[in-house]
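Tertiary structure, described
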Amino acid sequence: EAGVAQSPRYKIIEKRQSVAFWCNPISGHATLYWYQQILGQGPKLLIQFQNNGVVDDSQLPKDRFSAERLKGVDSTLKIQPAKLEDSAVYLCASSLVGGNTGELFFGEGSRLTVL
Amino acid sequence: AQRVTQPEKLLSVFKGAPVELKCNYSYSGSPELFWYVQYSRQRLQLLLRHISRESIKGFTADLNKGETSFHLKKPFAQEEDSAMYYCAPPEKTSYDKVIFGPGTSLSVIP
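Remember, it's a predicted structure, so these values are computed and weren't measured experimentally.

**What to know about the environment of L115 of chain A**
Residues and elements named next belong to chain A. You can see L115 is positioned in the segment after β11 (110-114). Residue classification places L115 among the exposed positions, given a relative accessible area of 57%. If near-sequence neighbours (up to four positions away) are discounted, L115 is found in contact with I12, I13, E14, K15 and L84.

Right under this line is the structure:
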């Protein structure tokens, strides 16, 4: 089966610019996650969708980050304006809904460098 | 909120030696715990989950509720085991929130 697709793989921007990342989850996976992974740290959950509704965005810096999942499939994560500390790999993951299986399937990630 | 600690940031062992990657969590209840692994230039992926009590690639993990630990073990390390390992205990919410520990980088020396 096709895995989680993310784009772009790499992005370099200057601070105060904006950037958007795209994610296409595995077909049929209702739950979609965006994680931020700063170098040397574990992935940190930014936002979690179930279908097209947000179930957790407690760690999302809402003054600059936004995310949407239209039609319960693809998702975009936007940062505007970017700060130096936003340099990280942004990981998208998806999982089957129902139960507490917890198995997440990850994309390759989008590496953001803010100069 | 759930907290996960992995006390070793880096762990080096010789090939053929036993390896233990430590994970401690804070949760009152019966958590379901997972280990994820990221090999060089590959995606983060599930290694094993405690509920299935399986052994994957020779790794096992035992849940110790008394010590709130879920250490990952392998009796004989192989070079291909070199990777980043993340302990991941989901929070018991209605929506399967999964948080990750800080990770341990395992390096197996030939």
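Once you've had a look at it, read on.
**What about the nonpolar core?**
All names here are of chain B. If you look at the biggest cluster of nonpolar residues, it comprises 24 residues, and the most contacted ones within it are W35, L72 and Y85. When contributions to this core are tallied by element, the ones reaching two or more residues are β2 (10-14), β3 (19-21), β5 (34-38), β6 (45-49), β8 (69-74), β9 (83-88) and β10 (104-109). In terms of residue count, the dominant contributor to this core is β9 (three residues).

**What about the packing of aromatic side chains?**
Per the counting criterion, the structure on display carries ten aromatic pairs over all chains. Between Y35 of chain A and F106 of chain A, the ring centres sit 5.9 Å apart and the planes meet at 50°, which makes this aromatic pair tilted. With a gap of 71 residues between them, Y35 of chain A in strand β4 (residues 31-37) and F106 of chain A in strand β10 (residues 105-106) connect regions that are remote in the sequence. Among the residues examined, F106 of chain A registers a relative accessible area of 4% and is labelled buried. With 5.6 Å between their ring centres and 45° between their planes, F59 of chain B and Y85 of chain B make a pair best called tilted. Here F59 of chain B, found in the loop between β6 and β7 (60-64), pairs with Y85 of chain B, found in strand β9; they are 26 residues apart in sequence, far enough to count as distant. Taking the relative accessible area as the measure of exposure, F59 of chain B reaches 0% and is therefore buried. Take Y85 of chain B: its relative accessible area is 0%, and that puts it in the buried class.

**Quick notes on the pattern of salt bridges**
Pairing between side chains of opposite charge can happen when their charged atoms approach one another. Residues and elements named next belong to chain B. Using the criterion set out here, one finds nine salt bridges over all chains in the structure. The salt bridge partner of K73 is E20, with a shortest N-O separation of 3.7 Å. With a gap of 53 residues between them, K73 in strand β8 and E20 in strand β3 connect regions that are remote in the sequence. Taking the relative accessible area as the measure of exposure, K73 reaches 36% and is therefore partly exposed.

**Remarks on the sheet that holds strand β7 (residues 65-68) of chain A**
Residue and element names in this part refer to chain A. As summarised here, the arrangement of the four strands in space is β1-β3-β8-β7, forming an open sheet in which the pairing is antiparallel. Each edge of the open sheet carries a strand with a single partner, namely β1 (5-7) and β7. The average undirected angle you get between the axes of adjacent strands in this sheet is 15°. Pairing of strand β3 (residues 19-24) with strand β8 (residues 75-79) involves five bridges; the strand directions are antiparallel. What sits directly across from W22, in β8, is T76.

**Examining the state of the cysteines**
Under the definition given, this model contains two disulfides over all chains. Between C23 of chain A and C92 of chain A runs a disulfide, and the two sulfur atoms are separated by 1.9 Å. Measuring the twist about the S-S bond at about -70°, one finds the C23 of chain A-C92 of chain A disulfide to be left-handed. Linking C23 of chain A in strand β3 with C92 of chain A in strand β9 (residues 88-95), this pair joins segments that are 69 residues apart in sequence. Under the relative-accessibility criterion, C92 of chain A is labelled buried at 0%. Here C23 of chain B pairs with C87 of chain B through a disulfide, and the sulfurs are 2.0 Å apart. Every disulfide takes its handedness from the sign of the S-S torsion; for C23 of chain B and C87 of chain B that torsion is -65°, giving left-handed.

**Brief notes about the side chain of S110 of chain A**
Residue and element names in this part refer to chain A. Here S110 is to be found in strand β11. When its relative accessible area of 0% is taken as the criterion, S110 is described as buried. Within the local environment of S110, its side chain forms a polar contact with the backbone oxygen of P8, the two atoms lying 2.6 Å apart. Dropping the residues within four chain positions of it, S110 is found in contact with Q6, S7, P8, R9, F21, A88, V89 and Y90.

Scoring rules and cut-offs
Residues numbered from 1 in each chain as written. Chains lettered and ligands numbered in written order. Predicted model: local features only at pLDDT ≥ 70, side-chain atom pairs only at ≥ 80, totals over all residues. Heavy atoms only, no water. Helix = DSSP H or I, 4+ residues; strand = E, 2+ residues; numbered from the N terminus. Buried < 20%, exposed > 50% of the residue type's maximum accessible area, 1.4 Å probe, protein only. Contact = heavy atoms within 4.5 Å. Core = buried A, V, L, I, M, F, W, Y, C linked by side-chain atoms within 4.5 Å. Phe/Tyr/Trp six-rings, centres within 6.5 Å; stacked < 30°, edge-to-face > 60°. Salt bridge = Lys/Arg side-chain N within 4 Å of Asp/Glu carboxyl O. Pairing = 2+ DSSP bridges. Axes fitted to C-alpha atoms, helices over the stretch in contact; angles between N-to-C directions. Disulfide = S-S within 2.5 Å. Polar contact = N/O pair within 3.5 Å; in protein donor to acceptor, adjacent residues only side chain to side chain.

By themselves, these observations are geometric and do not establish any function.
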